[in-house]
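Residues per chain, in single letters:
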Amino acid sequence: MTAPIKTAGNAPEADAAASPAKRIEGRSLGQIAWTRFKRDKAAVAGGVVVILLILLAVLAKPIESVFGLDPDALNQDLLDANLGGLPLGDWGGMSWDHPLGLDPLQGRDLLARVIEGSWVSLLVAFGATLLSNTIGVVLGVMAGYYGGWVDTLISRVMDVFLAFPLLLFAIAISASLQGGAFGLHGLPLHIGVLIFVIGFFNWPYMGRIVRGQTLSLREREFVYAARSLGARGPFILFKELLPNLVGPILVYSTLLIPTNILFEAGLSFLGVGIQAPQASWGGMLNDAIKYYQVDPQYMVVPGLAIFLTVLAFNLLGDGLRDALDPKSN
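As a starting point, this report considers the structure included with it. (Residues numbered from 1 in each chain as written. Predicted model: local features only at pLDDT ≥ 70, side-chain atom pairs only at ≥ 80, totals over all residues. Heavy atoms only, no water.)

### Comments concerning helix H13 (residues 281–288)
Where burial is concerned, most of H13 is hidden: 6 out of the 8 residues are buried. For H13, the full list of buried residues reads Trp281, Gly282, Gly283, Met284, Leu285 and Ala288. Buried residues along H13 sit against helix H5 (110–146), helix H12 (246–269) and helix H14 (297–324). (Buried < 20%, exposed > 50% of the residue type's maximum accessible area, 1.4 Å probe, protein only. Helix = DSSP H or I, 4+ residues; strand = E, 2+ residues; numbered from the N terminus. Contact = heavy atoms within 4.5 Å.)

Written out as structure tokens, the structure is:
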């Protein structure tokens, strides 16, 4: 009696019937970029810090209210009058009630002032970035697409703006508008002036990047296809070219924001930015000049806040650049 012979040809069919078929799904460009971004641990850490900083800035007032933090409250009883108003205790008066210490002479809580200064720095940085991106993207894509005299005119305007001594110009404008202008006074005026000065004179950097990308994209097949179907210039600019420029714009924006934060801090440090009593990181550094030898804590706290913020945005920008660039390793 012979056993039934199993043919090799039946095995694959049996295995295929036994195991469920795996579907092959395509991935979008966004999914591919997200997968590449998640592999960069430094960029992910930077993104987490950036999100926390944004939440801190947006919720600064509620956080101060919930935890009883007052950036302008004076704690004169915690200062040593014999030492010229320096905080009592070690490390600038650090304690459970004041985790980051107090500022000399006035005794204001540094944690409260750092939180208060966060929304000012981020508001100026984001507002200036939005303004410079809007002007730079519109003029850059027009210069790159139309070419000819349009490109020549816009490029020469860029050269003129790039030739401005921006820091000196910003100091002059900010100082001349401190008293009041355009119906604004105080903090709204200072923030508006900083956004205008930083954003309006920085747009050529974005404009040059967008112009260069547009010069490459306008020779692509999808642009020729749109023209052959009768599409006009405005339609091609806003429906065909701009969607393909989102990646470079996003990457450069994340790298421009920390530059604007440093610019705002520099102007406040020089006394022509955010004015007292409003807390700002640059203004805190300016106040710490007189005390850094005897109370370095007063300089370390705002300096560390600026350092961590700029580092986080730079790490995020580098990660986005690598994730959105298919040619990077």
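### Description of the packing of helix H3 (residues 41–58) against H14
Taken N-terminus to C-terminus, the directions of H3 and H14 make an angle of 130 degrees; their axes are 7 Å apart at the nearest point. If you check the angle between H3 and H14, you find them oblique. In terms of crossing hand, the pair formed by H3 and H14 is left-handed. The segment H3 lies against H14, with Ala42, Ala43, Gly46, Gly47, Val49, Val50 and Leu53 engaging Thr309, Ala312, Phe313, Leu315, Leu316 and Gly319. (Axes fitted to C-alpha atoms, helices over the stretch in contact; angles between N-to-C directions. Parallel < 35°, antiparallel > 145°, perpendicular 65-115°, else oblique. Left-handed = near helix turned anticlockwise from the far one by under 90°.)

### Concerning a nonpolar patch on the surface
Taken together, the side chains of Val48, Ile51, Leu52, Ile54, Leu55, Val58, Leu59 and Phe126 define a hydrophobic patch exposed on the protein surface, amounting to about 700 Å² of accessible area. It is H3 that contributes the most residues to the nonpolar patch, 6 residues altogether. Positionally, valine 48 belongs in helix H3. Judged by relative accessible area, which is 44%, valine 48 ranks as partly exposed. (Patch = residues over 30% accessible without salt bridge, like charges linked within 9 Å, V, L, I, M, F, W, Y side chains within 5 Å. Areas by Shrake-Rupley, 256 points an atom, 1.4 Å probe, with all protein chains shown as cover. Salt bridge = Lys/Arg side-chain N within 4 Å of Asp/Glu carboxyl O.)

### Looking at the side chain of asparagine 133
Along the chain, asparagine 133 falls in helix H5. In contact with asparagine 133, other than residues within four places in its own chain, are Met206, Ile249, Ser253 and Leu256.

### Some points on the pattern of salt bridges
Applying the stated criterion to the full structure yields 9 salt bridges. The network of salt bridges with shared partners includes Arg156, Asp159 and Arg208.

### Overview of the environment of proline 258
With respect to the secondary-structure elements, proline 258 resides in helix H12. When its relative accessible area of 1% is taken as the criterion, proline 258 is described as buried. Along the chain, proline 258 and alanine 125 lie 133 residues apart, while their C-alpha atoms are 7.4 Å from each other. Beyond its immediate chain neighbours, meaning those up to four positions away, proline 258 contacts Val310, Phe313 and Asn314.

### Points about the side chain of serine 132
Within the secondary structure, serine 132 is located in helix H5. A residue is classified by how much of its surface remains accessible, and serine 132, at 1% relative accessible area, is buried. If sequence neighbours within four positions are ignored, serine 132 has contacts with Gly199, Asn202, Trp203, Met206 and Leu256.

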